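Read off the chains here:
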Amino acid sequence: MPSRFQAPRGTRDLLPADMATFRRLEDDARRMAALYGYRPIETPMFEDSGVFERGVGEVTDIVEKELFRIRTPGSDEERWALRPEPTAGICRAYVEHGMHTLPQPVKVTMFGPMFRYDRPQAGRYRQFWQWDVEAIGEAGPAIDAEIIELAYRFLNEVGVANVEMHLNSIGDQHCRPRYIEALVEHMSASAHELPELERHRLAKNPLRVLDSKNARTLGLLGDAPRMADFLCDACRVHWEGLLVHLETLGVPVTPAPLLVRGLDYYTRTAFEFYQTGEQGQQSALGGGGRYDGLIELFGAKPTPGIGFGLGIDRIAALAGRPDDAPLAHAVAIVVGADPGATTARLRLATELRAAGVPSSADLAQRTLSRQLERAAREGAHFAVVVGDELDSGQVQLRDLEAGTQRLVNVADLTREIQRAHGSHRHG
Ligand code: AMP
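I will try to describe carefully the structure that is included in this document.

So, how was this worked out
Residues numbered from 1 in each chain as written. Predicted model: local features only at pLDDT ≥ 70, side-chain atom pairs only at ≥ 80, totals over all residues. Heavy atoms only, no water. Near = heavy atom within 4 Å. Polar contact = N/O pair within 3.5 Å; in protein donor to acceptor, adjacent residues only side chain to side chain. Areas by Shrake-Rupley, 256 points an atom, 1.4 Å probe, with all protein chains shown as cover. Helix = DSSP H or I, 4+ residues; strand = E, 2+ residues; numbered from the N terminus. Nonpolar A, V, L, I, M, F, W, Y, C, P; charged D, E, K, R; others polar. Phe/Tyr/Trp six-rings, centres within 6.5 Å; stacked < 30°, edge-to-face > 60°. Buried < 20%, exposed > 50% of the residue type's maximum accessible area, 1.4 Å probe, protein only.

**As for the site of the ligand**
Working step 1: Taken together, 13 residues form the shell around the ligand, and within it Arg116, Tyr125, Gln130, Ala284 and Gly286 come nearest.
Working step 2: Arg116 places a polar side-chain atom, nitrogen or oxygen, 2.8 Å from an oxygen atom of the ligand.
Working step 3: Backbone polar atom of Leu285 to an oxygen atom of the ligand: 3.5 Å apart, as the coordinates give it.
Working step 4: Here the ligand loses 88% of its free accessible area of 480 Å² to cover by the protein chains.
Working step 5: Listing elements by their share of the shell around the ligand, those giving two or more residues are strand 6 (127-136) and strand 11 (305-311).
Working step 6: In terms of residue class, the shell around the ligand is built from 4 nonpolar, 5 polar and 4 charged.

**Comments concerning the packing of aromatic side chains**
Working step 1: Counted by the stated rule, this structure contains 7 aromatic pairs.
Working step 2: Judged by centre distance (4.7 Å) and plane angle (55 degrees), the rings of Trp131 and Phe154 are tilted. Here Phe154 lies in helix 5 (residues 142-157) and Trp131 lies in strand 6, a separation of 23 residues in the sequence.
Working step 3: Overall, the relative accessible area of 1% leaves Trp131 in the buried class.
Working step 4: Plain terms: the ring middles of Trp131 and Phe308 are 5.2 Å apart, the flat faces sit at 80 degrees to each other, and that makes the pair edge-to-face. One end of the pair, Trp131, is in strand 6; the other, Phe308, is in strand 11, and 177 residues separate them in sequence. For the pair Trp131 and Phe308, a shared accessibility class is recorded, and that class is buried.
Working step 5: Through a chain of ring-to-ring contacts, three or more aromatic side chains come together here, namely Trp131, Phe154 and Phe308.

This is the structure we're talking about:
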């Protein structure tokens, strides 16, 4: 009978076969973050919804439509929300713990699930994973280049082919207002032709119009003013510095004049990663940018910051399975002629594990030949067969790959297995 329960819509189970890829990506992410000097941080999976309303921006899809709000038990108030992205929580923590007193920049990294109450569709989940890297307290542009290069190198190292890095500058509080004015003026002339949603955006958060997927809007954007022509001197110097650093680090740049990122707090540098030819709505592998205005929103003195979030679900789908992933973890499986005598098998497996040999005991009530069949199917290298010889301190050590078997002393078992397995693996 099928279970009446299923994973909630928009979520999925990551089965052991999926986890082989996920873990490899997580291991690579953590290894590379450490290599670049970014240290792990964890923030709660839910926060006061104000952290996201303020930190992500009220007029963003993430807050307007996708925030996964939670009602506090015993109350009607939706005080909390599951985190839709990591940056706001990390900046809240930076301020709360006075991390401005540490040597700057504070370089941190996080790997974990994010939640957006979006309409589920291919490649878009309500729970998905991100690898996030943030450098808080340095104004760049060298650190911008370092962070972009880290993400770019990761994508290449894990085997995503043809990665493109799309880059733009969205200015700052000095030059962006003039650009927004020019953009609104340009679009307003034809506002009546725009769909309702775009008119709403134009009124509330005009930059987001650049993000539009609407054909009519895109048509109008064709000859719209470009941010690049409005950058103030400081933003222009930053932009040019970034390009020089990226060239030095060998990261190719695809200029993206319409790239704005959906989040309000971004300043200057904005970037996104794509696979060549795959530039649709669900195809960004991740992105990030500078958020010099964010920390201030949490009540601290103005502090620059930059970071990225990479979408691990999408990257896992492209990076493929590692071919060298062992099917089973067990090197040895302890089986026995007497299906009922589990203590001896469990004890031997425990001794092997204590010596660091990945092992398990077959504890099921089945015949020896069935146990051996299963050990072979699990991909174990050895079966340790416990029989009457145990009375004289011996067991049969069967090499399942070579098809050989010999009697060994229990006292020598670990060493024998380590020797045979080691030389087999390295030979
Ligand atoms: P964003 O913070 O929206 O720029 O997202 C960063 C990256 O996370 C995206 O480029 C995607 O790869 C991934 N991502 C965002 N939302 C989802 C989602 N609902 N499901 C799966 N991946 C997502």
